[in-house]
Amino acid sequence: MAIARKTVTVLFADVADSTGLGERLDPESLRRVLSSYFEASRRVLERHGGTVEKFIGDAVMAVFGVPQLHEDDAARAVRAAAELQEELAELNAELERECGVRLALRVGVNTGEVVAAGDPVEGHALVTGDAVNVAKRLEQAAAAGEVLVGGSTERLARASARFEPAGTIDARGKSAPVTAFRLLGTDRAAPAVERRLDTPFVGREPDLDHLRRAYRRAVSERVCHLFTLLGPAGIGKSRLACELFDDVAEEAVVVTGRCLPYGDGITFWPLTDMIRELGGEEGIRELVDGLDDGELIVQRLAVVSGHEAVGSQETFWAVRRLCEAVAGRRPLVLCFEDVHWAEPTFLDLIEYLAGWIRDAPILLLCLARPEFLDERPSWLAGQENAASLTLAPLSVAESEELLEALGAGGDEGARIASAAEGNPLYAEQMAAMLAEGGYAEGMFAMPPTIQALLAARLDRLTPGKRAVIERAAVAGKEFWRAAVADLTPPAERGSVGASLMSLVRKDLVRPDRSAALPDDAFRFGHVLIRDAAYAGIPKETRAELHERFAAWLEQTSGERAAELGEIVGYHLEQAYRYREQLGPLDDQARAIARRAGDLLGRAGRRAFTRDDVPAAVNLLDRAVSLATDQGPAAIELRRELSMALWSIGELARAEALLEGVIAAAAAAGERRLEWLSLLERSGRRNVTDPLETADDQLRVAEEAIRVFDELEDDLGRARAWRQISIAHQTRGRLGAAAEASEQALLYARRAGDSREESRSADRLCTCLYYGPAPAPEGIRVCKRLLDGAGSSALLEANVLASLAGLEAMQACFADAREHAARAESIYGELGQRLAEAGLRQIVAGIELLAGEPLAAERALRPAFELLADVGAGRYTAILLAETLYAQGRYDEAAVLAAEHAPALSVHDAAPQAVARGLQARLAARGGGPGALELADSAVELAERTDFLNLQGDAHASRAEVLRLLDRHEDAASELRLSIELYERKGNSAATQLAAALLPQAAPR
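Residues numbered from 1 in each chain as written. Predicted model: local features only at pLDDT ≥ 70, side-chain atom pairs only at ≥ 80, totals over all residues. Heavy atoms only, no water.

Participant: Could you clarify how one ought to interpret the overall build of the protein chain in this entry?
Facilitator: Check the secondary structure of the protein chain and you find 44 helices and 16 strands. Taken against the 2.2 N^0.38 rule, which gives 30 Å for 1004 residues, the C-alpha radius of gyration of the protein chain at 38 Å runs more than 25% over that of a compact globule. The principal-axis extents of the C-alpha atoms in the protein chain amount to approximately 120 × 70 × 65 Å. Scored against the burial criterion, the 1004 residues of the protein chain give a buried share of 56%. In the structure as shown, the protein chain presents an accessible area of about 42200 Å², 49% of it carried by carbon and sulfur atoms. For the protein chain, the separation between the mean place of its 115 positive charges and that of its 156 negative charges on side chains is 2 Å. (Helix = DSSP H or I, 4+ residues; strand = E, 2+ residues; numbered from the N terminus. Rg over C-alpha atoms; globule rule 2.2 N^0.38 Å. Buried < 20%, exposed > 50% of the residue type's maximum accessible area, 1.4 Å probe, protein only. Areas by Shrake-Rupley, 256 points an atom, 1.4 Å probe, with all protein chains shown as cover. Lys, Arg positive; Asp, Glu negative; His and termini not counted. Charge placed at Lys NZ, Arg CZ, Asp CG, Glu CD.)

Participant: Looking at this structure, how should I read empty space enclosed by the protein?
Facilitator: The probe, sized like a water molecule, is rolled over the atoms to show the empty space still left. Scanning the model with the defined rule gives four cavities of 30 Å³ or more in all. When contributions to the lining of the largest cavity are tallied by element, the ones reaching two or more residues are strand E1 (2–15), helix H3 (73–98) and helix H17 (448–459). Looking at the second largest cavity, the residues that line it are Pro232, Ala233, Arg369, Glu371, Tyr426, Leu453, Leu454 and Arg457. The element best represented in the lining of the second largest cavity is H17, accounting for three residues. In terms of residue class, the lining of the second largest cavity is made up of five nonpolar, no polar and three charged. (1 Å grid on protein atoms, 1.4 Å probe; cavity = no way out; pocket = protein on both sides within 12 Å on 5 of 7 lines; lining within 4 Å. Points joined across faces, edges and corners; volume = space filled by probe spheres on them. Nonpolar A, V, L, I, M, F, W, Y, C, P; charged D, E, K, R; others polar.)

Participant: I keep staring at the pattern of salt bridges and nothing clicks. Help me out?
Facilitator: A side chain of one charge can pair with a side chain of the opposite charge if their charged atoms are brought near each other. In total, this model carries 75 salt bridges according to the counting rule given. Here aspartate 459 and arginine 466 are joined by a salt bridge, their closest N and O atoms 3.1 Å apart. (Salt bridge = Lys/Arg side-chain N within 4 Å of Asp/Glu carboxyl O.)

Participant: Honestly, the sheet that holds strand E12 (residues 362–368) in this entry has me stumped. Any pointers?
Facilitator: Backbone-to-backbone hydrogen bonds join strands into a sheet, with any given pair of strands oriented parallel or antiparallel. Read across the open sheet, the five strands follow the order E10-E11-E12-E9-E13; overall the sheet is parallel. Of all strands in the sheet, those with a lone pairing partner are strand E10 (253–258) and strand E13 (386–390), marking the two edges. When the angles between neighbouring strand axes are averaged without regard to direction, this sheet yields 15 degrees. As defined by bridge partners, E10 adjoins strand E11 (residues 332–337) across six bridges and the pair is classed as parallel. Bridging from a neighbouring strand, threonine 256 pairs with cysteine 335 of E11. (Pairing = 2+ DSSP bridges. Axes fitted to C-alpha atoms, helices over the stretch in contact; angles between N-to-C directions.)

Participant: Just checking my understanding: could you explain helix H38 (residues 874–886) for this structure?
Facilitator: Taking 1.5 Å of rise per residue, the 13 residues of H38 would be expected to cover 18 Å, and the 19 Å separating its terminal C-alpha atoms lies within 8% of that figure. Within H38, 11 of the 13 residues are buried, which leaves it mostly tucked inside the rest of the structure. The set of residues buried in H38 consists of Arg874, Thr876, Ala877, Ile878, Leu879, Leu880, Ala881, Glu882, Thr883, Leu884 and Tyr885. Positive backbone phi, at 80 degrees, marks glycine 888, one or two positions downstream of H38. (Expected span 1.5 Å × (residues − 1).)

Participant: Looking at this model, I keep getting lost on the confidence of the model for the protein chain. Mind explaining?
Facilitator: In low-pLDDT segments, the atomic positions of the prediction should not be examined closely. Looking at the protein chain as a whole, its pLDDT mean stands at 87, while 93% of the residues score no less than 70. Ranking the elements of the protein chain by mean pLDDT puts helix H1 (residues 18–24) last, at 55, and E12 first, at 96. (pLDDT = per-residue confidence, 0-100.)

Participant: Please explain helix H9 (residues 280–287) as it appears in this structure.
Facilitator: Since the α-helix advances by 3.6 residues per turn, residues separated by three or four positions end up pointing in the same direction. Restricting attention to buried positions, one finds in H9 the residues Gly280, Gly283, Ile284 and Leu287. Buried residues of H9, viewed axially, fall in a sector of 100 degrees; they line one side. In H9, the exposed residues that point more than 90 degrees away from the buried face are Glu282 and Glu286. (Arc of directions from axis to C-beta.)

Participant: When you look at the environment of glutamate 703 in this model, what are you seeing that I'm missing?
Facilitator: Tracing the backbone through its elements, the reader meets glutamate 703 in helix H29 (residues 694–711). In the structure, glutamate 703 is positioned 53 residues away from glutamate 650 in sequence and 28 Å away in space, judged by C-alpha atoms.

Participant: What is the right way to read the state of the cysteines from this model?
Facilitator: Disulfides are covalent bonds that connect the sulfur atoms of two cysteines. Overall, the coordinates contain zero disulfides when judged by the stated rule. Its sulfur unpaired, cysteine 765 is 3.7 Å from the next cysteine sulfur, which belongs to cysteine 782. Exposure remark for cysteine 765: the relative accessible area of 0% places this residue in the buried category. (Disulfide = S-S within 2.5 Å.)

Participant: I would appreciate a short explanation of the pairing of strand E2 (residues 51–56) in the present structure.
Facilitator: Every other side chain in a regular strand lies on the same face of the sheet, so the side chains alternate between the two faces. Alignment of E2 against strand E3 (residues 59–64), held across five bridges, turns out to be antiparallel. Bridging across to E3, threonine 51 finds its partner in valine 63. Hairpin geometry of E2 and E3 is characterised by an intervening segment of two residues between the two adjacent antiparallel strands and by a positive phi of about 65 degrees at glycine 57.

Participant: Whenever I open this one, the sheet that holds strand E16 (residues 521–524) confuses me. Can you help?
Facilitator: A sheet is described by the order of its strands in space; here three strands give the open sequence E14-E16-E15, paired in antiparallel fashion. At either margin of the open sheet sits one strand with a lone partner, and together these are strand E14 (478–480) and strand E15 (509–512). Along the sheet, successive strands turn relative to each other by an average axial angle of 35 degrees, direction set aside. Pairing of E14 with E16, which is carried by three bridges, proceeds in the antiparallel orientation. Among the inter-strand pairings, phenylalanine 479 is bridged to a residue of E16, identified as phenylalanine 522.

Participant: I keep staring at the nonpolar core and nothing clicks. Help me out?
Facilitator: Across soluble globular proteins, nonpolar side chains have a tendency to be buried as a group. Counting residues in hydrophobic clusters, the biggest one holds 90 residues, and the most contacted among them are Ile450, Leu454, Leu458, Ile469, Phe479, Leu503 and Phe524. Examining the composition of this core, we find that nine residues originate from one element, helix H24 (residues 587–609), more than from any other. With 77 residues, the next largest nonpolar core counts Cys765, Ala773, Leu800 and Ala893 among its residues. (Core = buried A, V, L, I, M, F, W, Y, C linked by side-chain atoms within 4.5 Å.)

Participant: Explanation requested: unusual backbone geometry in the structure shown.
Facilitator: Glycine aside, a negative phi is what most residues show, and trans is what most peptide bonds show. In this structure, the amide linkage connecting valine 66 to the following residue, proline 67, adopts the cis form with an omega of 5 degrees. Along the chain, proline 67 turns up in the loop between E3 and H3. Residue proline 584 is bonded to the preceding glycine 583 through a cis peptide linkage, with omega at -10 degrees. Along the chain, proline 584 falls in the loop between helix H23 (561–582) and H24. Even without glycine at this site, glutamate 712 takes up a positive phi of about 50 degrees. Along the chain, glutamate 712 falls in the loop between H29 and helix H30 (714–730). The class of glutamate 712 is exposed, set by a relative accessible area of 65%. Positive phi, close to 65 degrees, is recorded for aspartate 966, a residue that is not glycine. When its relative accessible area of 56% is taken as the criterion, aspartate 966 is described as exposed.

Participant: Hey, could you run me through the packing of aromatic side chains in this one?
Facilitator: Two measures describe an aromatic ring pair: the distance that separates the ring centres and the angle between the ring planes. Per the counting criterion, the structure on display carries 11 aromatic pairs. Taking the centre distance of 5.2 Å and the plane angle of 75 degrees together, the rings of phenylalanine 372 and tryptophan 379 count as edge-to-face. There is no split in this pair, since phenylalanine 372 and tryptophan 379 are both buried. With a centroid separation of 5.7 Å and an interplanar angle of 40 degrees, the aromatic rings of tryptophan 480 and tryptophan 552 are classed as tilted. Residue tryptophan 480 is located in strand E14, and its partner tryptophan 552 is located in helix H22 (residues 539–557); the two are separated by 72 residues in the primary sequence. (Phe/Tyr/Trp six-rings, centres within 6.5 Å; stacked < 30°, edge-to-face > 60°.)

Participant: Any chance you could explain the side chain of arginine 376 here in plain terms?
Facilitator: If you trace the backbone, arginine 376 turns up in the loop between helix H13 (371–375) and E13. One polar contact links arginine 376 to aspartate 348, side chain to side chain, over a distance of 2.8 Å. Not counting the four nearest positions on each side in its chain, arginine 376 is found in contact with Pro344, Leu347, Asp348 and Glu351. (Polar contact = N/O pair within 3.5 Å; in protein donor to acceptor, adjacent residues only side chain to side chain. Contact = heavy atoms within 4.5 Å.)

Participant: Would you mind going over the packing of H24 against helix H26 (residues 632–647) with me for this structure?
Facilitator: The angle between the axes and the distance between the axes are what describe a pair of packed helices. The geometry of H24 relative to H26 is characterised by a closest axis approach of 11 Å and an angle of 35 degrees between their N-to-C directions. In the packing of H24 onto H26, the handedness of the crossing is left-handed. Facing Gly601, Arg605 and Phe608 of H24, the residues of H26 in contact are Glu636, Leu637, Glu640, Met643, Ala644 and Ser647. When grouped by side-chain class, the residues that make up the contact of H24 with H26 number four nonpolar, two polar and three charged. (Left-handed = near helix turned anticlockwise from the far one by under 90°.)

Participant: Help me understand the side chain of serine 647, please; the structure alone is not making it clear to me.
Facilitator: Tracing the chain through its elements places serine 647 in helix H26. Take serine 647: its relative accessible area is 9%, and that puts it in the buried class. Those residues within four positions of serine 647 in sequence are excluded, and the remaining contacts are Phe608, Val613, Arg755, Gly831, Gln832, Arg833 and Leu834.

Given below as structure tokens:
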């Protein structure tokens, strides 16, 4: 028995008040009434392509989509529901005459994913899933004579039916109410997916020129030219044809007809459209007026338009004579859409017209999907005046232009354009879902309309080809022939190559290049085709195939084993997840989880090492979720994940994870893990906890050094020395902090840990930037570190950040901005949000030195918002207030300082000094008391440190306060002290700014 996952539409129809009916009729009469109802129901449902699964009492259940899916299954079910009500009206007239009773029907229709089990050849199937239950609940909620449909059905059928909201229903067994829609009417001839022909004409000029040439040839040579326009659904065939119609409208007669996918009397349905567009019987009579056989033409075509049986040859002749009559007056463009659905007789008609019409300017334009030629290989064969064109996808730029016109521009439009891969219909449907709020932020899944199109296309494949494309879907968008063969049972492997080539001809997959393996490679024609094929595989089969594909990858990876580890891990992860969903888990499933977690964890560490932090977070997070025990490896994974989360600014989750790691490591007796985590926590508290003192940090770091000395662990030593550097900085001793950083850098290099080397180098450069080392010396050290950065982008960015600030002190603003821009670019690429926030503080300092306070504010705003979100924006707020003060926006600066200064750590002298210097100047400008006391306090705090720039800034602030208090001589003296400190630092830019203020401070 074959099992498949399918998105189908389920219909329940039930006779309302059947209990009362049973009381009024004799059982034999009731049986006769219900038999008539059941017979009429089956006839209607099967006519629309439904499969009657069962009759239950006086209810009927039908499924649209088994044994074969159709892209318009939802529309078929809705039309069937409407026709059931119409059929019942006719049946009631008969029942009322015979039995004196009338039936009333209530119908529920719902679309959703089910598991279908049955014989694919015989077509018998049993479907199970929530979609069935919801359809039944909708039917139960419907009133007599009413059809209620679910939201998915409404979305899929809205192009061919009219609905109105019917509120929500409380469905038994559902956690949330079900949204219902009431059916108002249907349109049999409407397409399953509404085709927008009003969008801008984008990217098809060469294709349009091809069509124009075909038309011009038909006119100039007076021949019937058959042109077949090929392409998958939604690629733009109809839109291109409409553009041609607009071009020739003034000189030609344009007539269109559409082939229907199912129904009675559809063989010549396109002719019915054609006759209607030509004015019906009267219009045809006028067109053939004057022809000897005019009346016969009218009679034969009148029979066709009435859908009555008629001989093919007689019909063919009449259509040919009509076309010749029309073209005798003006050129004729006769377009038939969806020719892939045409009945063989109608295709014979088209070929007859192309071969028999003479001396008449006619363009026969046929629009079809690629599989049409696979199913009708003789098409175009032997035709002298025949050509075809296959439409290619739009380029990304063309897709973005189209989406801009649809109101989905910018980043969202770019993401949709990438996901749509050049198919205009896919882009339109995704844009529509976005407009309706159908997507989570940044996520663009397959719209249900597109899923229905592709699933139906795949369902028409033979079982063998369907199995091949499903196994390819497990491998991914790109895959190898050998991989698909390995996933295929041995007895069927010989046909894999032929099946793949057949799929290529159908444009479902395409040949691709393979640099990794000496084997034929392929890729799906569109990622959504892959997704649709994958969606049809039962979860149990998916789990098995993912596990087998992972084994194949490992066997064939050779020297690329480490590189492919992440991919192998992904497939094992999928194998485990599907087993987890199906449950219960066994030892084999848990072993798969451990193996997947190990591979993903290794890949996450490699990503962290190469500074790709977003990728590291993704991989480590998945590895942690797969851990099935609490051993050292699992604890280490959680610690590494915490570090990665901290780097991208997810501080709350990083902290919670780290606390759990500390407790677990202590309980397991893992001293190394415990102390690495304690060091990490202590370092973070320097950012987030104003109560954490430098003494606490130093105590933890010194104890950690003793532990790591015992363990002879260089990496642990590096991290402990780096923590000592942070503690010295908090104490205001950057000279000592620089020495500790050099020790950290030494041990990091001995450990061979590039990430720790980057962090230690960052510490050293920070000390050189803020500390007592002259700027020229700091520049030399930074450049030496840059020369040794090698391939470490993070190390390069960390050094460039401090180098930018040091260059600005030397008034080399062009170089400073260039270095900062490069560092910002690297941090952005690596997802280092916290590091980028720190860089912006340096950039603000550069712009203030350059006399550009507005640029400084613009640099700080994003950093302040990020750090404020994670509770660490206090000092950045003070720096931002400084930029506002420099612009003369004193009131705004005062508000910001008053809000954030009280929250600064009392143990960190540097931020306190900056805040008090700012508050002193604001107080002096406001005429408030205490300005000089605040300025004195700022100087006192700064002089507890060896931050020369900080000391210079504090004296400059005191000078401004004294000037505002009209103590000009004292102000000038303070400015000279400030200049002396700037000169010791080598900060020539600040020296020049302070010197320019001396005339203002001098006694008047």
